[in-house]
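Residue strings, one per chain:
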Amino acid sequence: MNDSIRSQFPSLKRIVNGRPIVHFDGPAGTQVPQSVIDAMVNVYSNCNANTHGHFITSHETDQLINHCRKQVAELLGAEGPDTISFGANMTTLNFTLANAIARTLQPGDEILITQLDHEANRGPWLNQRRHGIIVREVALEEDGSLDYADLEKKISERTRVVAIGLASNIFGTVNEIDRVRQLAYEAGALLVVDAVHYVPHLLTDVQAIDCDFMLCSAYKFYGPHVGILYSRPGALDSLNTDRLRVQVQRAPNRIETGTHNHAALVGVSACVDFLASFGNGNSTREKIISGMSVLQTHERGLAQQLYLGLRDLEGVDIYGPPLKEEQRAPTISFTIENKRPAEVCKFLAEHSICAWDGHFYAKRAVEVLDLMEVGGVTRMGIAVYNVESEVEYAISTLKKFVEG
Ligand SMILES: Cc1ncc(COP(=O)(O)O)c(C=O)c1O
C-alpha cells in the first residue's frame, strides 16, 4: 500500500541535499496527489468560465461548484450540499461568521473560547470585545487537554457561543466534544467547531457532533487552499453576513463573496475522491468511512513509532496526551533540553527533513505552558504518505543532533 500511495505524490520524488525529501510538515499543509493536480489543470485547460451563463463552460462551472459541495458533504457526513460554503481559507470564513453572529448579540453577552485553540478560532471571537461582548477562555492543562471543570465553571446562561477546536494542531489532543455540546446546548449557546486538524486524520461525522457550524481547510487534507464552512440547515439563513445584494441570499451562498477559485474547488472534489479511494462501499460516504479507518490505522502506527523513538532520546520532552488515547491526532510536539526548536528544525532541514518549530498560531497554548521563551516546540506530523523508514531516519537524525 505504501508505494502505491507515495507514487501518487509527485513532490515526494524531490531530491534535497542528495536524498529524497521527507515531509513531517503536514499539519501546516500536506502534499498534493497527482489526481488533484490533474483535476485542477483540467479546469484551466477545458472549462474556465464564470457561473450562471448560457454556454457550456459556464454550465460546467455551475456543476463543478455543486459537485464540490456534495463531495464535501459526504466527507463531513453533512445533511446535504446546501450546508457547505466555501471561502479563501478557514480564518477568513471564521472572521465573517463571528462578525455575523456578533450582530445577534448584546453587550454583556458571553463567548467561550479555549487556551488550546489556534488563533483562527480565538481572534475572530476576541475581536467582538469591541462591541462590549465578554470573551472567556477555558484553561489548558499541563498535559495538553482542556480543563473541563473550568469549562463547566465558565459556561452560563449568558454564554451565546462556544468556539472550540476538535483536534489541537500543536498537541494532537482531541477534545471531548460530546461533553462540550451538552453543556453548550444546556446554556442555549451556539457551538462553533474548528475541525481543521481533525478532518485530515479521523472520520468526521458532523451530524453526530451536532454542532451549529464547523470549519475546515482542504490544504490540510491533500487539497488546494480552500476554506470550508458547514452550517446546520437553517443556521446560516438567519445570520446577517457581509454580502452583496446581487448575490444569492440563502445558504450556502449567504456567506460567500465574489467569485470562487473554481479550479481549487475541482481540486477539493478530487481530494475527497482520493480519501475515498482507501475504502470500499457503494457510496462516497461509505468509502470515506472505511477509507478513513485505513488511513487512521496507518497514521497511528507511524505516530506510535515516532513517539516511542522520541521518548528514548536523551533530554526530549513530548507534549500532549499519551499516544494510547484512541482519539488523538498523529501530531507530536517536543522540546530538546538546551536546544531551541529553530535549531532542531534547521538541523532536520540540512538532512532533508521538513518539520516546523514555533507555536503554529496555537500561541496561547504555548504561552500558558511557558514555552514562548524557549522558542515554542518542534512539531512533526504524520500524513498518509509517510512510511516507517522516514520515521526511523528522523529518529536517527535527531539522535545525532542530541548526541552532538
Ligand atoms: C487547527 C487549525 N485551525 C485553523 C487553522 C487556520 O486555517 P486556514 O489556514 O485555512 O485559515 C489552522 C491552520 O494551521 C489550524 O491548524
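First things first, this report covers the structure right here in the doc. (Residues numbered from 1 in each chain as written. Predicted model: local features only at pLDDT ≥ 70, side-chain atom pairs only at ≥ 80, totals over all residues. Heavy atoms only, no water.)

Each strand in a sheet pairs with another by means of backbone hydrogen bonds, the pair being arranged parallel or else antiparallel. The mixed open sheet is built from seven strands, whose spatial order is β4-β10-β9-β8-β7-β5-β6. The open sheet terminates on both sides in strands that have one partner only, identified here as β4 (84–87) and β6 (134–138). Sheet twist, expressed as the mean angle between neighbouring strand axes with direction ignored, is 20 degrees. Pairing between strand β5 (residues 110–114) and strand β7 (residues 159–165): three bridges, direction parallel. Within β7, the position partnered with Glu-110 by the bridge is Thr-159. Against the sheet, helix α3 (residues 56–76) contacts β4, β9 (213–217) and β10 (227–231), and its axis sits at roughly 115 degrees relative to β4. Set on the sheet, helix α4 (residues 90–102) makes contact with β4, β7, β8 (190–194), β9 and β10; between it and β9 the angle comes to about 160 degrees. (Pairing = 2+ DSSP bridges. Helix = DSSP H or I, 4+ residues; strand = E, 2+ residues; numbered from the N terminus. Axes fitted to C-alpha atoms, helices over the stretch in contact; angles between N-to-C directions. Contact = heavy atoms within 4.5 Å.)

Before going further, it helps to spend a moment on the environment of Asp-178. Considering the arrangement of structural elements, one finds Asp-178 in helix α7 (residues 177–187). In sequence terms Asp-178 and Leu-151 are 27 residues apart; their C-alpha atoms lie 13 Å from each other. A polar side-chain atom of Asp-178 sits 3.0 Å from a polar atom in the side chain of Arg-181. (Polar contact = N/O pair within 3.5 Å; in protein donor to acceptor, adjacent residues only side chain to side chain.)

Further remarks concern the state of the cysteines. One pass over the structure, following the stated rule, counts zero disulfides. Free of any disulfide, Cys-47 has its nearest neighbouring cysteine sulfur in Cys-68, separated by 13 Å. Residue classification places Cys-47 among the buried positions, given a relative accessible area of 10%. Left without a disulfide partner, Cys-354 is nearest to the cysteine sulfur of Cys-345, which lies 10.0 Å away. (Disulfide = S-S within 2.5 Å. Buried < 20%, exposed > 50% of the residue type's maximum accessible area, 1.4 Å probe, protein only.)

Turning next to the pairing of strand β15 (residues 377–381). Counting buried residues along β15, five of its five residues qualify, which places the element largely inside the surrounding structure. Side-chain alternation along β15 places Val-377, Arg-379 and Gly-381 on one buried face and Thr-378 and Met-380 on a second face that is also buried. Bridge analysis of strand β12 (residues 331–336) against β15 gives four bridges, and the strand direction is antiparallel. Within β15, the residue paired with Phe-334 across the bridge is Thr-378. The pairing of strand β14 (residues 356–358) with β15 spans three bridges and is classified as antiparallel.

So, about the site of the ligand. Taken together, Asn-89, Met-90, Thr-91, His-118, Ala-120, Asn-169, Asp-194, Val-196, Ser-217, Tyr-219 and Lys-220 make up the full set of residues near the ligand. One nitrogen or oxygen atom from the side chain of His-118 is found 3.4 Å from an oxygen atom belonging to the ligand. In this structure the site holding the ligand corresponds to the second largest pocket. In the shell around the ligand, the residues fall into four nonpolar, five polar and two charged. (Near = heavy atom within 4 Å. 1 Å grid on protein atoms, 1.4 Å probe; cavity = no way out; pocket = protein on both sides within 12 Å on 5 of 7 lines; lining within 4 Å. Sits in = over half its atoms within 2 Å of the grid points. Nonpolar A, V, L, I, M, F, W, Y, C, P; charged D, E, K, R; others polar.)

Looking now at the side chain of Arg-122. Take Arg-122: it is sitting in the loop between β5 and α5 (123–126). Engagement of the side chain of Arg-122 in a polar contact is seen with the backbone oxygen of Thr-114, the distance being 2.9 Å. If sequence neighbours within four positions are ignored, Arg-122 has contacts with Ile-113, Thr-114, Gln-115, Asp-117, Glu-137 and Arg-364.

Now for the layout of surface pockets. Of the volumes computed, that of the largest pocket is approximately 560 Å³. Together, 23 residues line the largest pocket, and His-52, Arg-69, Val-248, Asn-253 and Glu-256 are the ones closest to its centre. It is α3 that contributes the most residues to the lining of the largest pocket, four residues altogether. Taken together, the residues of the lining of the largest pocket sort by class into seven nonpolar, eleven polar and five charged. The calculated volume of the second largest pocket comes to roughly 480 Å³. If you go around the second largest pocket, you meet 27 residues; those closest to its centre are His-118, Asn-169, Tyr-219, Lys-220 and Phe-360. Going through the elements one at a time, α4 and β14 are the ones with two or more residues in the lining of the second largest pocket. Residue composition of the lining of the second largest pocket, by class: twelve nonpolar, eleven polar and four charged. Composition of the lining of the second largest pocket by domain shows at least three residues from each of domain 1 (2–33 + 285–403) and domain 2 (38–276). (Points joined across faces, edges and corners; volume = space filled by probe spheres on them. Domains from an automatic or database assignment.)

Turning to empty space enclosed by the protein, a few remarks are in order. Under the definition given, this model contains two cavities of 30 Å³ or more. Of the voids in this model, the largest cavity is the one considered here, and its volume is about 80 Å³. Forming the walls of the largest cavity are His-201, Leu-202, Gln-296, Glu-299, Arg-300, Ala-303, Gln-304, Leu-323, Arg-328, Ala-329 and Pro-330. In this structure, the second largest cavity occupies an estimated 50 Å³ of space. Together, Gly-26, Pro-27, Thr-30, His-197, Pro-200, His-201, Lys-220, Gly-381, Ile-382 and Ala-383 line the second largest cavity. Classifying every residue of the lining of the second largest cavity by side-chain character gives four nonpolar, five polar and one charged. Shared between two domains, the lining of the second largest cavity holds at least three residues of each, these being domain 1 (2–33 + 285–403) and domain 2 (38–276).

Purely spatial values, then, with no claim about function.
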